[in-house]
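Spelled out from the first residue to the last, the chains are:
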Amino acid sequence: MDTVEDLQRRIDEGVALLRARFGAKMAATPSLSDPHPQGEGPQNRHGMPREPPGQNVFEKREWPVLDLGVETPDVAPERWRLVVDGPVEHPLTLSYADLLALPQVEQEADFHCVTGWSILDLRLRGVRLETVLALARPAPEATHLMAHASDGYSTNLPLEEALKPDVLLVHEVDGAPLPRDHGGPVRIVVPQLWAWKGAKWVSRLELMKADRRGYWEIRGYSNTAYPWRDDRIW
Ligand SMILES: Nc1nc2c(c(=O)[nH]1)N[C@H]1C(S)=C(S)[C@@H](COP(=O)(O)O)O[C@H]1N2
Ligand SMILES: [Mo]
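These notes cover the structure that comes with them. (Residues numbered from 1 in each chain as written. Chains lettered and ligands numbered in written order. Predicted model: local features only at pLDDT ≥ 70, side-chain atom pairs only at ≥ 80, totals over all residues. Heavy atoms only, no water.)

## Re the overall build of the protein chain
Short version of the rule: Counting from the N terminus, the helices are DSSP H or I runs at least four residues long and the strands are E runs at least two residues long. As a reference, a globule follows 2.2 Å times the number of residues to the power 0.38, and the radius of gyration itself is taken over C-alpha atoms. Relative accessibility thresholds used throughout: buried, under 20% of the residue-type maximum; exposed, over 50%; partly exposed, between the two (1.4 Å probe, protein chains only). Only heavy atoms enter the contact rule, under which two residues are in contact if any of them lie within 4.5 Å. Only the protein chains shown count as cover for residues, and all accessible areas are computed by the Shrake-Rupley method using a 1.4 Å probe.
A tally of helices and strands in the protein chain yields six helices and 13 strands. At 17 Å, the protein chain has a C-alpha radius of gyration in line with the 17 Å of a compact globule built from 234 residues. On the principal axes, the C-alpha backbone points of the protein chain span a range of 50 × 40 × 30 Å. For the protein chain, the residues scored as buried account for 53% of the 234 residues in total. The contacts of the protein chain with a sequence gap of at least 6 include a subset with a gap of at least 24, amounting to 67%. Split by element, the accessible area of the protein chain, about 10600 Å² in all, is 53% carbon and sulfur.

Set out below in structure tokens:
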């Protein structure tokens, strides 16, 4: 059993290794270094316009529920598990209690859906994906991950996007447990990419040695999903 200090040390070491490997790539992604991002409004925390081009801002109480709709998984927190596997030094299976025992962050984030709506200032609480990856230690060959969900959904991310400090495994929104419809007990939110990159009811992070497309990416959505370049289809 790790002490809190041991756990924190392993996280810090893992984060340092990952930043050494991916820091430069991360800084070069369009959401951190686009000289001419499209959109409107004051800047968000990354210097992008608050609203990507053509988006309608909805009130939070109008936050739509969008998913495959075949079934809405009913995962009790006690039964939720996150498997982290593929090319990693330390494959993991986290329970909900394990997730809550990791360092928690709270942040305001915007949520942009490719179908044209945005929700601003969601107050998200959860664990950085970076923290979990720091514990799993992706092997040198790992370049991407596939997030899998209990409804059969999947979506892929390059590690330089997945490791950004605002990418969270979210379990609370605006002070309440993440609603089941929005992916509770735990979903991913990637604020700087289109919302489909955030798997609801996330169940597995599969590290990969090459890129592979997820559910919507196979069906014609952009593989990169960059909102401020109007990057919607490929
Ligand atoms: N598991 C799962 N995650 C998913 C989806 C899905 O169908 N299944 N849809 C994606 C899409 S297309 C969008 S726009 C957002 C919508 O999240 P919301 O229902 O909380 O608004 O979830 C994303 N994550
Ligand atoms: Mo979507």
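## Overview of the site of ligand 1
To keep it simple, the criterion reads: The nearness test applies per residue and asks whether one of its heavy atoms lies within 4 Å of the molecule or strand. Think of a polar contact as two N or O atoms within 3.5 Å of one another; within protein, one of them needs to be a possible hydrogen donor and the other a possible acceptor, and neighboring residues in sequence only count if both atoms come from side chains. Using a 1 Å grid laid over the protein atoms alone, points where a 1.4 Å probe fits but cannot get out form a cavity; open sets with protein on both sides within 12 Å along at least 5 of 7 lines form a pocket; any residue with an atom within 4 Å of a point counts as lining. If over half the atoms of a molecule are within 2 Å of the grid points of a cavity or pocket, the molecule is regarded as sitting in it. For this classification, the nonpolar set comprises Ala, Val, Leu, Ile, Met, Phe, Trp, Tyr, Cys and Pro, the charged set comprises Asp, Glu, Lys and Arg, and every other residue, Gly included, is treated as polar.
Taken together, 21 residues sit near ligand 1, with Pro 64, Asp 151, His 182, Arg 187 and Lys 200 positioned nearest. Note that a nitrogen atom of ligand 1 is positioned 2.7 Å from one of the side-chain N or O atoms of Asp 151. Lys 200 is positioned with one of its side-chain polar atoms (N or O) 2.4 Å from an oxygen atom of ligand 1. Starting from 530 Å² of accessible surface for ligand 1 in isolation, the protein chains cover 98%. Counting atoms within 2 Å of the grid points, the majority share of ligand 1 lands in the largest pocket. Of the residues that constitute the shell around ligand 1, the class distribution is 15 nonpolar, two polar and four charged.

## Quick word on the nonpolar core
Keep this limit in mind: The definition of a nonpolar core used throughout is a set of buried Ala, Val, Leu, Ile, Met, Phe, Trp, Tyr and Cys residues joined through side-chain atoms within 4.5 Å.
Grouped together as the largest cluster of nonpolar side chains are 50 residues, with contacts concentrated most on Leu 145, Val 202 and Leu 205. Every element with two or more residues in this core is listed here: α1 (4–27), β4 (81–85), β5 (92–95), α3 (96–101), α4 (129–136), β8 (144–149), α5 (159–162) and β13 (202–208). Not counting chain neighbours up to four residues away, the residues in contact with Leu 145 comprise Leu 129, Leu 133, Thr 155, Asn 156, Leu 157, Leu 159, Ala 162, Leu 205, Glu 206, Leu 207 and Met 208. By size, the runner-up hydrophobic cluster in this structure holds 15 residues, among which are Val 105, Leu 122, Leu 124 and Leu 178.

## Observations concerning the layout of surface pockets
Convention followed: Grid points are joined across faces, edges and corners, and a volume is the space filled by probe spheres set on the points.
In this structure, the largest pocket spans a volume of roughly 360 Å³. Lining the largest pocket are 22 residues, with Leu 66, Asp 67, Tyr 153, Trp 196 and Trp 216 sitting closest to its centre. Along the lines of polarity and charge, the residues of the lining of the largest pocket split into 15 nonpolar, three polar and four charged. By volume, the second largest pocket amounts to about 280 Å³. Along the walls of the second largest pocket sit 13 residues, with Asp 2, Leu 7, Arg 10, Asp 98 and Leu 102 positioned nearest its centre. Elements with a minimum of two residues in the lining of the second largest pocket: α1, β5 and α3.

Read these as spatial facts, not as claims about activity.
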